[in-house]
Amino acid sequence: MKYLPLGKTGVQVSQLGYGAASLGDEYGAIDPAEGERSVHCAIDRGINYFDVAPYYGATLAERRLGAALAGKRNQVILATKVGRYKDDRGAEIFDFSSAGIRQSLEESLQRLATDVIDVYQAHDIEFVPRQQILDEALPTLFQLKREGKIRFVGITGYPVHLLRDIVEQTHVDTVLSYSRYHLLDTSLDEVLGETLERRGIGLINASPLNMGLLTAKGPPEWHPAPVNVRVKARELARHCESRGIELSTIAMQFALSYSRAATTLVGMSRVRNVERNLSVLDEPMDETLLDELRQLAAPVANTCWQEGISDNHDPRSVPQNS
Ligand code: NAD
């Protein structure tokens, strides 16, 4: 396992990071004991970056991760988020107000059984006007950093043009981009990569399997990718199968080879998936197969969906149901 600097934070993070969305049953109900074992296995095997949010499973993921980290908190860099929530019935709630942020932090600290969050991120900033992020949310996060309640300030989101715009106007420590650097889409690097490197901002690349799309099993029901992208992913899966390799293996290798990312976050609430993703680190990538997959993927390359309010959409995004 390689450990890489998270921008200018002074923190070294494992190249492979643990994404805890699936601990909140976001990809189907899990066995909680197995989820806990997956966290322990990841720590034992050198993974030190853990990402969660109150949104995942309507706080379930934070509660499960907090319990699993008992006695192990000081072995990990713990990242969580603020501003995006859902209620028990799954209805979405956004609250990036200063008071809302302070209350959410206290609740996250309690659920995670800790007194400091290492990386605290405004969660999916595309859902609110960017002025609220600039004028209220980020100033509150920087104040919490000065107060010592959080160590670093980050933003997360899908539209990479929006992330770049916010990065250029602020001094965030980290950016988490999801589903924008994988076999079908590399716009994270094309739009944002150089800016982040120049400014020394830690890049967290999440969803290297494009939220389950780049696996033999396929995506969850709620996956927002347009139909042509879904169909293409199935074609890639069949092509890999014909070569005796699972699509997820080469998809992980491709994402992990992205040198600008400090860590790559994958969901792994089963020990088997932790082991699988760790073993990928030691296997050389089949470059011929990669070229074939990239050629097959070319007609849909960098196709992205619309996420958040229309002012924040990426210029080339298409509606989700097309
Ligand atoms: P992902 O691309 O990591 O895919 C997860 C799915 O792939 C799960 O069903 C998992 O069981 C399966 N999987 C994992 N390893 C596998 C393997 N080797 N072979 C086959 N299947 C495998 O998507 P994700 O979980 O959404 O993203 C990873 C993490 O990134 C999240 O848990 C979360 O922490 C973070 N994230 C953050 C945001 C945000 O902040 N807006 C958005 C997306 C993801």
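Right, let's walk through the structure included here. (Residues numbered from 1 in each chain as written. Predicted model: local features only at pLDDT ≥ 70, side-chain atom pairs only at ≥ 80, totals over all residues. Heavy atoms only, no water.)

Helix and strand counts for the chain stand at 10 helices and 12 strands. For a compact globule of 322 residues, the expected C-alpha radius of gyration is about 20 Å, and the chain comes in at 18 Å, within 12% of that figure. Principal axes of the C-alpha set define a box for the chain whose edges measure 55 × 45 × 40 Å. Here the chain holds 322 residues, and 59% of them are scored as buried. In the chain, the proportion of contacts linking residues at least 24 apart, taken out of those at least 6 apart, comes to 75%. Element-wise, carbon and sulfur atoms account for 48% of the exposed surface of the chain, whose accessible area totals about 13,100 Å². Taking the 35 positively charged and 43 negatively charged side chains of the chain as two groups, their mean positions are separated by 1 Å. (Helix = DSSP H or I, 4+ residues; strand = E, 2+ residues; numbered from the N terminus. Rg over C-alpha atoms; globule rule 2.2 N^0.38 Å. Buried < 20%, exposed > 50% of the residue type's maximum accessible area, 1.4 Å probe, protein only. Contact = heavy atoms within 4.5 Å. Areas by Shrake-Rupley, 256 points an atom, 1.4 Å probe, with all protein chains shown as cover. Lys, Arg positive; Asp, Glu negative; His and termini not counted. Charge placed at Lys NZ, Arg CZ, Asp CG, Glu CD.)

This next bit is on unusual backbone geometry. Despite not being glycine, Ser 179 shows a phi value in the positive range, around 60°. Turning to its location among the elements, Ser 179 is positioned in the loop between strand E10 (174-178) and helix H6 (187-199). In this structure, Ser 207 is a non-glycine residue whose phi angle is positive, near 60°. In this fold, Ser 207 is placed in the loop between strand E11 (202-206) and helix H7 (227-242).

Neighbouring the ligand are 28 residues; Tyr 27, Asp 51, Asp 124, Gly 267 and Asn 277 lie closest to it. Asp 51 is positioned with one of its side-chain polar atoms (N or O) 2.6 Å from an oxygen atom of the ligand. In the environment of the ligand, an oxygen atom lies 3.3 Å from a nitrogen or oxygen atom belonging to the side chain of Asn 273. For the ligand, whose free accessible area comes to 830 Å², the fraction covered by protein is 93%. Those elements giving two or more residues to the shell around the ligand turn out to be E10, strand E12 (263-267) and helix H9 (271-282). Across the shell around the ligand, the residue classes break down as 12 nonpolar, 11 polar and 5 charged. (Near = heavy atom within 4 Å. Polar contact = N/O pair within 3.5 Å; in protein donor to acceptor, adjacent residues only side chain to side chain. Nonpolar A, V, L, I, M, F, W, Y, C, P; charged D, E, K, R; others polar.)

Turning to the pattern of salt bridges, a few remarks are in order. Under the criterion given, the structure shown has 22 salt bridges. A salt bridge links Glu 26 to Lys 86; its shortest N-O distance comes to 2.8 Å. One end of the pair, Glu 26, is in the loop between strand E3 (16-19) and helix H1 (32-44); the other, Lys 86, is in strand E6 (residues 84-86), with 60 residues separating them in the sequence. Residues Glu 26 and Lys 86 agree in their burial class; the two are buried. A salt bridge links Arg 102 to Glu 147, with the shortest nitrogen-to-oxygen separation between them at 2.7 Å. (Salt bridge = Lys/Arg side-chain N within 4 Å of Asp/Glu carboxyl O.)

On the secondary structure map, Leu 290 appears in helix H10 (residues 287-297). For Leu 290 and Gly 267, which are 23 residues apart along the polypeptide, the C-alpha to C-alpha distance reads 23 Å. Beyond its immediate stretch of four places on either side in the chain, Leu 290 contacts Leu 183, Ile 250, Phe 254 and Met 285.

This part is about the environment of Ser 104. Topologically, Ser 104 is positioned in helix H3 (residues 98-111). Considered as a pair, Ser 104 and Tyr 85 are 19 residues apart in the sequence and their alpha carbons are 9.8 Å apart. Filtering out sequence-adjacent residues up to four positions away, Ser 104 remains in contact with Pro 54, Val 82, Tyr 85 and Tyr 120.

Moving on, we get to the pairing of E11. Two faces make up the sheet, and in a regular strand the side chains alternate between them. In terms of burial, E11 is a largely internal element, 5 of the 5 residues being buried. Neither face of E11 is open: one carries Gly 202, Ile 204 and Ala 206, the other Leu 203 and Asn 205, and all of them are buried. Both E10 and E11 contribute to a ladder of 5 bridges, which runs parallel. In the strand pairing of E11, Val 175 is matched with Leu 203. (Pairing = 2+ DSSP bridges.)

Spatially, E3-E4-E5-E8-E9-E10-E11-E12 is the arrangement adopted by the 8 strands of the closed barrel, whose pairing is parallel. Taking the axes of each pair of neighbouring strands and ignoring which way they run, one obtains an average angle of 30° across the sheet. Relative to E12, E3 runs parallel, the two sharing 4 bridges. What sits directly across from Gly 17, in E12, is Leu 265. On the sheet, H3 packs against strand E5 (77-82), strand E8 (117-122) and strand E9 (150-157) and is oriented at approximately 140° with respect to E8. (Axes fitted to C-alpha atoms, helices over the stretch in contact; angles between N-to-C directions.)

Read these as spatial facts, not as claims about activity.
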